[in-house]
Amino acid sequence: MAGTPPAEDTSARFLIKGQYIKDLSFENPHAPQSLVSDGEKPMIDVSVTLSNRRLADDHYELTLHLGARARILDRILFLMELAYCAIVQVVNIPEDKIDPILLVDCAFVLFPFARRVVADVTRDGGFPPLMLEPIDFQALYLQNRQDPKKK
């Protein structure tokens with residue numbers, strides 16, 4: 001209706017304002033010998049952690065930390081560490097709901113981009129691309145809430 005002021009938008013949402021690699025490390029300590037396959041399948045250990053920090057009233061930095069270590073017996077094939085970040089704006093989200101939104105919902109959105117970086121860097125390092133399996137961020141969040149030492 002003409003002359004009626006627009007209603008204030010009260011919908012809860014988050015907006016990814018930007019994504020970036022904050023830190024990336026790839027080590028291939030035994031190259032070129034590590035690139036010659038002896039037929040033995042490597043063991044790959046993967047670690048995942050999340051952290052966030054407030055930048056402004058409604059803006060946060062979410063960091064997805066991914067680590068991978070490939071080895072055959074006691075010989076390291078490669079070490080990879082990635083800190084992949086997003087600037088997230090939260091709108092109309094109560095303070096007590098911000099952590100789950102960031103550490104579950106936003107992490108879910110961010111993961112495919114970080115997964116691609118991991119696949120690219122391992123491939124560029126001379127190995128088959130490491131394709132990380134999807135992560136259940138809800139379970140990870142609940143696990144970390146139960147064990148405060150893991151935060």
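The coordinates are above.
From a predicted model like this one, the values you see are computed outputs, not experimental measurements.

Caption draft 1: Representation of the nonpolar core within the structure. If you look at the biggest cluster of nonpolar residues, it comprises 35 residues, and the most contacted ones within it are F78 and L82. Mapped by element, the contributors of at least two residues to this core are β3 (59-72), β4 (75-91), α1 (95-124) and α2 (137-146). The element contributing the most residues to this core is α1, with 13 residues. Excluding residues within four positions of it along the chain, L82 makes contact with I21, D23, L24, L64, H65, L66, A114, V117 and V118.

Caption draft 2: Geometry of the pairing of strand β2 (residues 43-56). One ladder, built from 13 bridges, connects β2 with β3; its direction is antiparallel. Within the sheet, the bridge partner assigned to N52 lies in β3 and is L62. The antiparallel hairpin formed by β2 and β3 contains two residues in its connecting segment.

Caption draft 3: Up close: the environment of R115. Within the fold, R115 resides in helix α1. For R115, a relative accessible area of 28% corresponds to the partly exposed category. The spatial distance from the C-alpha of R115 to the C-alpha of A86 is 14 Å, given a sequence separation of 29 residues. Not counting chain neighbours up to four residues away, the residues in contact with R115 comprise M131 and L132.

Caption draft 4: Focus on a nonpolar patch on the surface. Judged by side-chain polarity, F108, V109 and F113 come together as a nonpolar surface patch covering roughly 290 Å² of accessible area. For F113, the position within the fold is in helix α1.

Caption draft 5: View of α1. Look at α1: 42 Å from first C-alpha to last across 30 residues, which is about the 44 Å you get at 1.5 Å a residue. At A107, α1 shows its maximal bend, which comes to roughly 45 degrees. The positive-phi residue at the C-terminal boundary of α1 is G126, with phi of around 105 degrees.

Caption draft 6: The arrangement of the side chain of N28 in detail. Positionally, N28 belongs in the loop between β1 (13-27) and β2. Of the polar contacts made by the side chain of N28, one reaches the backbone oxygen of G125; its length is 3.1 Å. When residues no more than four places from it in sequence are discounted, the contact partners of N28 are S34, L35, L77, G125 and F127.

Caption draft 7: Local environment of the packing of aromatic side chains. Counted under the stated rule, the structure contains four aromatic pairs. Judged by centre distance (6.5 Å) and plane angle (55 degrees), the ring pair of F26 and F127 falls under tilted. You can see F26 sitting in strand β1 and its partner F127 sitting in the loop between α1 and α2, a full 101 residues away along the chain. Note on F111 and F137: the rings are 6.0 Å apart at their centroids and 65 degrees apart in plane angle, and the pair reads as edge-to-face. Placement of F111 in helix α1 and of F137 in helix α2 is noted, with a sequence separation of 26 residues between them. Relative accessible area serves as the criterion here: at 3%, F137 is assigned to the buried category.

The rules behind each value
The residue numbering used here restarts from 1 in each chain and proceeds along that chain's sequence as written. Whole-chain, interface and lining totals are the exception, using all residues; otherwise, since this is a predicted model, local features are given only for residues with pLDDT of at least 70 and side-chain atom pairs are given and counted only at 80 or more. Side-chain descriptors were evaluated using all non-hydrogen atoms of the structure, hydrogens and water having been removed beforehand. Side-chain atoms within 4.5 Å link the members of a nonpolar core, which is a set of buried Ala, Val, Leu, Ile, Met, Phe, Trp, Tyr and Cys residues. Only protein chains enter the accessibility calculation, which uses a 1.4 Å probe. A residue is then buried if its area is under 20% of the maximum for its type, exposed if over 50%, and partly exposed in between. Helix and strand definitions here come from DSSP, where helices need a minimum of 4 consecutive H or I residues and strands a minimum of 2 consecutive E residues; each element is numbered from the N-terminal end. Working rule for contacts: check all heavy atoms of both residues, and any pair within 4.5 Å makes them a contact. Strand pairing follows a simple DSSP-based rule, namely that at least 2 bridges must link the two strands. To count toward a patch, a residue needs a relative accessible area over 30% and no salt bridge; like charges are then connected within 9 Å, while nonpolar side chains (Val, Leu, Ile, Met, Phe, Trp, Tyr) are connected within 5 Å. Exposure was quantified through the Shrake-Rupley algorithm and a 1.4 Å probe, taking into account, for residues, occlusion by the shown protein chains and nothing else. Salt bridge, as used here, is a side-chain nitrogen of Lys or Arg placed within 4 Å of a carboxyl oxygen of Asp or Glu. One less than the number of residues in a helix, times 1.5 Å, gives the span that helix is expected to have. Take the seven residues that end at a residue and the seven that start at it, fit an axis to each, and the angle between those axes is the bend at that residue. In the analysis that follows, any N or O atom pair within 3.5 Å is treated as a polar contact, provided that within protein one partner can donate a hydrogen and the other can accept it, and provided that, for residues neighboring in sequence, both atoms belong to side chains. Whether two aromatic rings pair depends on their centres lying within 6.5 Å, for rings of Phe, Tyr and Trp, where Trp uses its six-membered ring; planes under 30 degrees apart make the pair stacked, over 60 edge-to-face, and the rest tilted.

Honestly, it's all geometry; don't read function into it.
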